[in-house]
Amino acid sequence: MKKKIAVIGAGLTGSIIARKFAEKGYKVDLYEKRSHIAGNCFDNKEFNSFTHKYGPHLFHTSNERVMEFLKNFSDFVPYPHKVNAFIDGQFVPIPFSLASLKITHPEFLQKRIVQKLLGEYKFGSQITIFKLLDSVDKDLKNLGEYIYDKVFLGYSSKQWGVKNPLDLDKGVLNRIPVRINNDTNYFNDKYQFLPKDGYTSLVKNILKHPKINIFLNRNVQIELNSITSSCESIKINHKNYLHAFFTGMIDELFAFSMGELEYRSLFFKKSEAIFSPSTRPSLQLNYPNNYNFTRIIDYGFISKTLGFKPLKSRLVTEYPGRFDRKSEIFNQAFYPLFTSKAKDKYNKYKLKLKSVSKVITVCGRLGTYRYLDMDDAIAAAFAVVDNSILIK
Ligand code: UDP
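Model, not experiment: these values are computed from the prediction.

Colleague: Quick rundown of the packing of aromatic side chains? Include the residues and the values.
Modeller: Inspection of the entire model under this criterion finds 30 aromatic pairs. Between F76 and F193, the ring centres sit 6.1 Å apart and the planes meet at 55 degrees, which makes this aromatic pair tilted. Here the residue F76 occupies a position in strand β6 (residues 76-78), and F193 occupies one in strand β11 (residues 191-195), the gap between them amounting to 117 residues. In textbook terms, an aromatic cluster arises when at least three aromatic residues are bridged by ring pairs, as seen for F86, F91, F267, Y287, Y291, F293 and Y319.

Written out as structure tokens, the structure reads:
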């Protein structure tokens, strides 16, 4: 059989797998159920800026291989992402740092807390909220409780639909550290960039290869009944492939045989374009303790980053909700739910993969039920290709 593979899903993972196999001489058919490529990175240009259709995507990485790869497909402009949370009537830099402490605490307490923090931790280090909550020292424990109550509790309850965010996998809250310095950047990675012409253009360039065929608006059906571990090829839309790389939801792949997996969804409410230059302190404003949304994104900030004069601003408000295929507004799966019950269900599906692993690899954020940043998704896609039995 000809060297031909199928990739399902034209997001970052699928696009990178398609590119890597095309470069290795395989013909690749890339199927995408949406009407566009680039998955949740999809953006469109407006008002000297880019609006991100599926929520803000701010690229950051310390992974040299990822950065080297991406540089082949786009120019990048530096963008150190900043986030402020609205706490008791003021905007406070997030992650919570010594700079945040200066805004939220009276001076006499600040001095005492900083002294104690520096007695315990090195200046410049970052710690988890859990570490602070476990402090023996009363002032540090109080600080932990303050940060948990004001920054994490409300936001995470809304985002994940749980009463007690401490029930979530610790990795979720650990994404946002507490910083023992005055750094107000959201990330501390070596590279913090935005693609100059947007993410859609970046992915378009990744997919520009004579061996890649893209089929949009194709919700493929993979018939798994006929597939066994000894199967040498897989049939999709009447075409035969050596292997399929599936980046969709694993419960869909197995026709929900063990029930539906739980995901969180988002609804994005777009404002009309507004004229005034932004008085907001940052592109992203979090609202942990007020309203039923989590954050507001001002895409006008991107035009400044790209070196343009902001013409107008588009504000997008993010409302989280439970993913439901039948819902009118929460019908897109964004995040796997990180409770142990939800994960157990995923692991049952994962076991089923063994029987088809010769012809199907399940990968990506949805497929592997993981919280992947863009650079993690890219690195994981490299690993899928590096480890593939097809190219050994
Ligand atoms: N989080 C929070 N308060 C904040 C920011 C984040 O509680 O002000 C928690 C919340 O549970 C969120 C997680 O930290 O889902 C990860 O935040 P991140 O900004 O990485 O979320 P993403 O941009 O990936 O949605």
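And the narrative resumes.
Colleague: Please provide a residue-by-residue account of the sheet that holds strand β12 (residues 212-215), values included.
Modeller: In space, the five strands of this open sheet follow the order β12-β2-β1-β15-β21, with parallel pairing throughout. Two strands in the sheet have a free side with no partner beyond their single neighbour: β12 and β21 (360-362). This sheet shows a mean twist of 15 degrees between the axes of neighbouring strands, independent of strand direction. One ladder, built from four bridges, connects strand β2 (residues 27-31) with β12; its direction is parallel. Within the sheet, the bridge partner assigned to Y31 lies in β12 and is F215.

Colleague: An account of a positive patch on the surface is requested, with residue identities and associated values reported.
Modeller: There is a patch of like positive charges on the surface, built from K2, K3, K27 and K211. Looking at where K211 falls in the secondary structure, it is placed in the loop between α8 (199-207) and β12. Look at K211 and you get partly exposed, because its relative accessible area is 33%.

What counts, and at which threshold
Residues numbered from 1 in each chain as written. Predicted model: local features only at pLDDT ≥ 70, side-chain atom pairs only at ≥ 80, totals over all residues. Heavy atoms only, no water. Phe/Tyr/Trp six-rings, centres within 6.5 Å; stacked < 30°, edge-to-face > 60°. Helix = DSSP H or I, 4+ residues; strand = E, 2+ residues; numbered from the N terminus. Pairing = 2+ DSSP bridges. Axes fitted to C-alpha atoms, helices over the stretch in contact; angles between N-to-C directions. Patch = residues over 30% accessible without salt bridge, like charges linked within 9 Å, V, L, I, M, F, W, Y side chains within 5 Å. Areas by Shrake-Rupley, 256 points an atom, 1.4 Å probe, with all protein chains shown as cover. Salt bridge = Lys/Arg side-chain N within 4 Å of Asp/Glu carboxyl O. Lys, Arg positive; Asp, Glu negative; His and termini not counted. Charge placed at Lys NZ, Arg CZ, Asp CG, Glu CD. Buried < 20%, exposed > 50% of the residue type's maximum accessible area, 1.4 Å probe, protein only.

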